Amino acid sequence: MIELKNKEQLEKMRTAGRIVAETLEIMKEMVKPGVTTEELDRAAEQYIRKCQAIPAFKGYNGFPATLCTSVNEEVVHGIPGLRALKNGDIISIDCGALYDGYYGDSAITLPVGEISLECQELLKVCEESLKLGIAQAFKGNRLFDISYAIQSHVEKNGMSVVRDYVGHGIGRKMHEEPQVPNFGKPGRGPRLEIGMALAIEPMVNLGGYQVETLKDNWTVITKDRRASAHFEHTVVITENGPEILTRI
Ligand code: MG
Ligand code: MG
């Protein structure tokens, strides 16, 4: 069952989305060589709680932190800690907040100081693929039109999309139906309807799409250890097309 959100629900989701967006704005200011992922996490938690919201990931299946911080070859679900960021790193920051019973979820990948040309390209292609996917999120389209737009842009640029993790419906739960894969055939999947709220989140690898999980049982890394990026927005389908809830 895909739940369609009404006006009141959407108002709450807009607030949750705005809090997540503002938290990520703070992260953009803070990310530089020398900062630790734990410092980022602490600032994010403080801001979310100041907004009368709850960090959505903390305690989710036992995850210990507010943010997922995934550096370089780490794809998603990296755990914040004492690691200090270095010039040339890239860091994916995934953030979720629960406000008045509704969730917002968004991710960005940021450069730390000066990064390589291929990493610049990776971030650009991943963010572009998210935009292209969102542009397909309108009534009457099919879900995999979004997936196809993402996959085809990424692969045209010689990169790959992760298969093992996908986007999702979102609302009263962080993960609702439907799953939103970043690969698929156009014209397939459920028909998109007004009121559907989706977290669209391409995870893009410079090398192969294969991933594995570290012994901490959380951190997902690329099998070939090449870099990975992740951009995500929470989007709702409206009469006027896609509305991005996690953008300021
Ligand atoms: Mg997320
Ligand atoms: Mg998500």
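Fair warning: this is a prediction, and the values are worked out from it, not measured in the lab.

Draft legend 1. Layout of the sheet that holds strand β3 (residues 74–76). If you walk across this open sheet you meet the 3 strands as β3-β12-β11, and the pairing is antiparallel. Each edge of the open sheet is held by one strand with a lone partner, namely β3 and β11 (211–213). Between one strand axis and the next, the sheet turns through 40 degrees on average, direction left out of account. Relative to strand β12 (residues 220–222), β3 runs antiparallel, the two sharing 2 bridges. Note that in β12 the partner of V76 across the bridge is V220.

Draft legend 2. Inspection of helix α2 (residues 37–50) at higher detail. In this model α2 runs 20 Å from its N-terminal to its C-terminal C-alpha over 14 residues, within 8% of the 20 Å that 1.5 Å per residue would give. The elements touched by buried residues of α2 are α1 (7–30), β1 (54–55), β2 (67–71) and β4 (90–99). Backbone geometry just after α2 places Q52 at a positive phi near 65 degrees.

Draft legend 3. Quick peek at the pattern of salt bridges. Summed over the entire model, instances satisfying the criterion amount to 16 salt bridges. E3 is the partner of K5 in a salt bridge, and the nearest nitrogen-oxygen pair spans 3.7 Å. The class for E3 is partly exposed, based on a relative accessible area of 21%. Its salt-bridge partner being E45, residue K58 comes within 2.7 Å of it at the nearest N-O pair. On the criterion of sequence distance, the pair formed by K58 in the loop between β1 and β2 and E45 in helix α2 is long-range, its members being 13 residues apart. Note on K58: relative accessible area 38%, which makes it partly exposed. The exposure class of E45 is buried, given its relative accessible area of 16%. The structure contains a network of salt bridges with shared partners spanning E3, K5, R172 and E176.

Draft legend 4. Quick look at the packing of α1 against α2. Their axes nearest at 10 Å, the elements α1 and α2 cross at an angle of 145 degrees. Read as a crossing pair, α1 and α2 show a hand that is right-handed. Of the residues in α2, those touching α1 at I19, E22, T23, I26, M27 and M30 are E39, L40, A43, A44, Y47 and I48. Across the contact of α1 with α2, the residue classes tally to 9 nonpolar, 1 polar and 2 charged.

Cut-off values and rules
Residue positions are given per chain, counted from 1 along the sequence in the order it is written. Chains and ligands are labelled by the order in which they are written, letters from A for the one and numbers from 1 for the other. Where local features are concerned, this predicted model is filtered to residues with pLDDT of at least 70; where side-chain atom pairs are given and counted, the filter is 80 or more; whole-chain, interface and lining totals use all residues. Hydrogens are left out, water is left out, and the side-chain values use all remaining heavy atoms of the structure. For two strands to be treated as a pair, DSSP must find at least two bridges joining them. Helix and strand labels come from DSSP, where a helix needs a run of H or I of at least four residues and a strand needs a run of E of at least two; each type is numbered from the N terminus. Lines are fitted to the C-alpha atoms to define the axes, a helix being fitted only along its stretch in contact, and any angle between axes, read from their N-to-C directions, falls within 0 to 180 degrees. Given the number of residues in a helix, its expected span is that number minus one, multiplied by 1.5 Å. Note on contacts: a residue pair is in contact if any heavy atoms of the two residues lie within 4.5 Å. Salt bridges are identified by distance alone: a Lys or Arg side-chain nitrogen within 4 Å of an Asp or Glu carboxyl oxygen. Each residue's exposure class comes from its accessible area (1.4 Å probe, protein chains only) as a fraction of the maximum for that residue type: buried when under 20%, exposed when over 50%, partly exposed otherwise. For any pair of crossing helices, the crossing counts as left-handed if the nearer helix is rotated counterclockwise from the farther one by less than a right angle, and right-handed if it is rotated clockwise. Residues are grouped as follows: nonpolar covers Ala, Val, Leu, Ile, Met, Phe, Trp, Tyr, Cys and Pro; charged covers Asp, Glu, Lys and Arg; every other residue, Gly included, is treated as polar.

Any link to function would need more than the numbers given here.
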